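Chain residues, written in single-letter form:
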Amino acid sequence: MLDRYAVMGFPISHSLSPVIHQQFAEQTGQKISYEAIEVRPESFDQAVEEFFHAGGQGINCTVPLKELAFKKADQLTERAKFSGAVNTLKRMEDGSLLGDNTDGIGLMTDLCKNLGLSLAGKRILVLGAGGATRGILGPLLEARPECLFLANRTIEKAQKLKAVFAPLGALDVSTYEDLLGNKFDLIINATSASLSGDVPPLPNGILAKQAVCYDLAYSKKPTAFTVWGKEKGAVLSVGGLGMLIEQAAQAFYIWRSVRPDTKPVVNKINTAGRH
Ligand code: ATR
């Protein structure tokens, strides 16, 4: 019998995770099945229990289930503790559930390995202070940037994150309008504004020369934020498909102890150009 894995979320029908994991499995010769299961928050606990009871080995969780997965896990990795969210559950030999969060490492691998950026000494701005931001602040601070700004509409949420991440490094909290006068080498959009085609109200002139814009969201068409970045003169303005594939590769490694090669998967999924 094939070892069984799944991604759970709501909605889930557009998830690329089954295609990504099936390609990893083919490439590495791992005998697994991977399906997408639509699960509403109120039935998450039951769905997880049934899946593992029936012999399942691991689950990826996406919006809006990552915080519930955090609560459901019996043990958490350090990075999952900081993120307050879990995107990867693994059934351990004793039947307990390990919760990890591979979003941050997925982003860092895409930025540093795939796109060739070096973050040390750079000025970085993260937009948004929700769950997506929590998943990426740890590794960004560990990369030793010159500064890491966190801008959000609701300033209190950014201030809360500043306190949570203080043990890992300093965050400069700001409203969008108070960013005026600063320049950044890298701007990462971790708001959910792209989902409704909006861009946070950023002041003009905040892109340094050779600045890069990165949207954690991805879609077939360029997102509103990646369009904004190009219009404002970023040398590179891309969506989060690379991060999605890299976080999946990390999850695959946690489950199977085999590292897939992500490049052919990026190329195959993205034959129409990377957004
Ligand atoms: P996620 O888990 O995807 O991060 P979330 O926790 O609901 O989702 O957080 C959404 C983030 O996007 C928040 O930072 C939100 O700003 P507020 O905290 O001020 O609500 C931000 N956001 C959503 N729509 C936005 C918009 N149109 N402009 C600016 N920020 C937006």
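Residue numbers run consecutively from 1 along every chain, following the written order of its sequence. In keeping with the model being predicted, local features are shown solely for residues with a pLDDT of at least 70 and side-chain atom pairs are shown and tallied solely at 80 or more, while totals for entire chains, interfaces and linings include all residues. To obtain the side-chain values, all non-hydrogen atoms of the structure were used and water was disregarded.

A.B. asks: Would you explain the site of the ligand in this entry?
C.D. replies: The cutoff for a nearby residue is simple: one of its non-hydrogen atoms must lie within 4 Å of the molecule or strand. As a structural note, the neighbourhood of the ligand is formed by 14 residues, with Ala129, Asn152, Arg153, Thr154 and Lys157 the closest of them. Following the grouping adopted for this structure description, the nonpolar residues are Ala, Val, Leu, Ile, Met, Phe, Trp, Tyr, Cys and Pro, the charged ones are Asp, Glu, Lys and Arg, and the polar ones are all others, Gly among them. Taken together, the residues that form the shell around the ligand break down as 4 nonpolar, 7 polar and 3 charged.

A.B. asks: For this particular structure, what's the right way to read the packing of aromatic side chains?
C.D. replies: How two aromatic rings sit relative to each other is given by the distance of their centres and the angle of their planes. When two rings of Phe, Tyr or Trp (its six-membered ring) have centres within 6.5 Å they constitute a pair, described as stacked for plane angles under 30 degrees, edge-to-face for angles over 60, and tilted for the intermediate range. Here the structure, examined in full by the defined rule, presents 7 aromatic pairs. Between the aromatic rings of Tyr5 and Trp255, the centroid separation amounts to 4.6 Å while the plane-to-plane angle is 35 degrees, which identifies the pairing as tilted. One end of the pair, Tyr5, is in strand β1 (residues 3-9); the other, Trp255, is in helix α9 (residues 241-256), with 250 residues separating them in the sequence. As far as burial versus exposure is concerned, Tyr5 and Trp255 are alike and both buried. Each helix corresponds to a stretch of at least 4 residues labelled H or I by DSSP, and each strand to a stretch of at least 2 residues labelled E; elements are numbered beginning at the N terminus. Whether a residue is buried, partly exposed or exposed follows from its accessible area with a 1.4 Å probe, protein chains only, as a fraction of its type maximum: under 20%, in between, or over 50%, in that order.

A.B. asks: What is the right way to read the domain arrangement of the chain from this model?
C.D. replies: How big an interface is tends to be expressed through the accessible area that disappears when the partners come together. In this document the domain limits rely on a domain assignment from an automatic tool or a database. Taken as a whole, the chain is organised into domain 1 (3-101 + 242-272) and domain 2 (104-239). Distance between the C-alpha centres of domain 1 and domain 2: 25 Å. Computed with a 1.4 Å rolling probe, the buried area is the accessible surface lost when two parts are put together, summed over both parts. Both sides together, the interface formed by domain 1 and domain 2 hides about 1,300 Å², and carbon and sulfur atoms give 61% of it. Three residues stand out in domain 1 for area buried against domain 2, namely Phe82, Met243 and Glu246, and they jointly supply 50% of the buried area on that side. Within this document, salt bridges are pairs made up of a side-chain nitrogen of Lys or Arg and a carboxyl oxygen of Asp or Glu, the two lying within 4 Å of each other. Applying the counting criterion to the domain 1 and domain 2 interface returns 0 salt bridges.

A.B. asks: Could you clarify how one ought to interpret the sheet that holds strand β7 (residues 123-127) in this entry?
C.D. replies: Adjacent strands of a sheet pair through backbone hydrogen bonds, lying either parallel or antiparallel. Here a strand pair is declared whenever DSSP counts at least two bridges between the two strands. Taken in spatial order, the 6 strands line up as β9-β8-β7-β10-β11-β12 in an open sheet, and their pairing is parallel. Since the sheet does not close on itself, it has two edges, and those belong to β9 (172-174) and β12 (236-238), each with one partner. Taking the axes of each pair of neighbouring strands and ignoring which way they run, one obtains an average angle of 20 degrees across the sheet. As paired strands, strand β8 (residues 147-151) and β9 are joined by 3 bridges and run parallel to one another. Residue Ala151 lies in a different strand from β9, and its bridge partner there is Ser174. Only C-alpha atoms enter the line fits that serve as axes; for helices the fit covers just the stretch in contact. Angles between N-to-C directions range over 0 to 180 degrees.

A.B. asks: Explain the packing of helix α5 (residues 103-114) against helix α6 (residues 131-142) to me, please; I cannot follow it from the model alone.
C.D. replies: Axes are the key here: two packed helices are described by the angle between their axes and the distance separating the axes. As a packed pair, α5 and α6 sit with axes 7 Å apart at the nearest point and diverge in direction by 55 degrees. Between α5 and α6, the crossing angle belongs to the class labelled oblique. Our pair here, α5 against α6, has a crossing hand that is right-handed. Side by side, α5 and α6 meet where Asp103, Gly104, Ile105, Leu107 and Met108 of the first sit next to Gly135, Ile136, Pro139 and Leu140 of the second. If an angle is under 35 degrees, it is roughly parallel; if it is over 145, roughly antiparallel; if it lies from 65 to 115, roughly perpendicular; otherwise it is oblique. Note on convention: the crossing is left-handed when the near helix lies turned anticlockwise from the far helix by less than a right angle, right-handed when the turn is clockwise. Contacts were defined at the residue level, with two residues in contact if any of their heavy atoms lie within 4.5 Å.

A.B. asks: Honestly, the nonpolar core in this entry has me stumped. Any pointers?
C.D. replies: Nonpolar side chains tend to gather and get buried jointly when the protein is soluble and globular. Buried Ala, Val, Leu, Ile, Met, Phe, Trp, Tyr and Cys residues that are joined via side-chain atoms within 4.5 Å together make up what is termed a nonpolar core. In this structure, Leu119, Val126, Ile136 and Ile188 are the most contacted members of the largest nonpolar core, which totals 27 residues. Breaking this core down by element, the ones donating at least two residues are α5, β7, α6, β8, α7 (155-165), β10 (184-189) and β11 (207-215). The biggest single contributor to this core is α6, with 4 residues. Setting aside anything within four residues of it in sequence, one finds Leu119 in contact with Met108, Leu111, Cys112, Ile124, Leu140, Ala143, Arg144, Pro145 and Leu186.

A.B. asks: Got a minute to help me understand the packing of α6 against α7 in this structure?
C.D. replies: Between α6 and α7, whose axes approach to 11 Å, the crossing angle comes to 45 degrees. In terms of orientation, α6 and α7 fall into the oblique class. When you trace α6 past α7, the crossing you get is right-handed. For the pair α6 and α7, contact is made by Thr133, Arg134, Leu137, Gly138 and Leu141 and by Leu161, Val164 and Phe165, respectively. Among the residues making up the contact of α6 with α7, the classes are represented as 5 nonpolar, 2 polar and 1 charged.

A.B. asks: So what exactly am I meant to see when it comes to helix α2 (residues 44-53) here?
C.D. replies: Because an α-helix packs 3.6 residues into every turn, residues spaced three or four apart end up facing the same way. Along α2, the positions that sit buried rather than exposed are Phe44, Ala47, Val48, Phe51 and Phe52. Axial view of α2: buried residues confined to an arc of 120 degrees, hence all on one face. Of the exposed residues in α2, those oriented more than 90 degrees away from the buried face are Gln46 and His53. Just downstream of α2, Gly55 is the residue with a positive phi angle, here 100 degrees. Note that the arc is computed from the directions linking the helix axis to the C-beta atoms.

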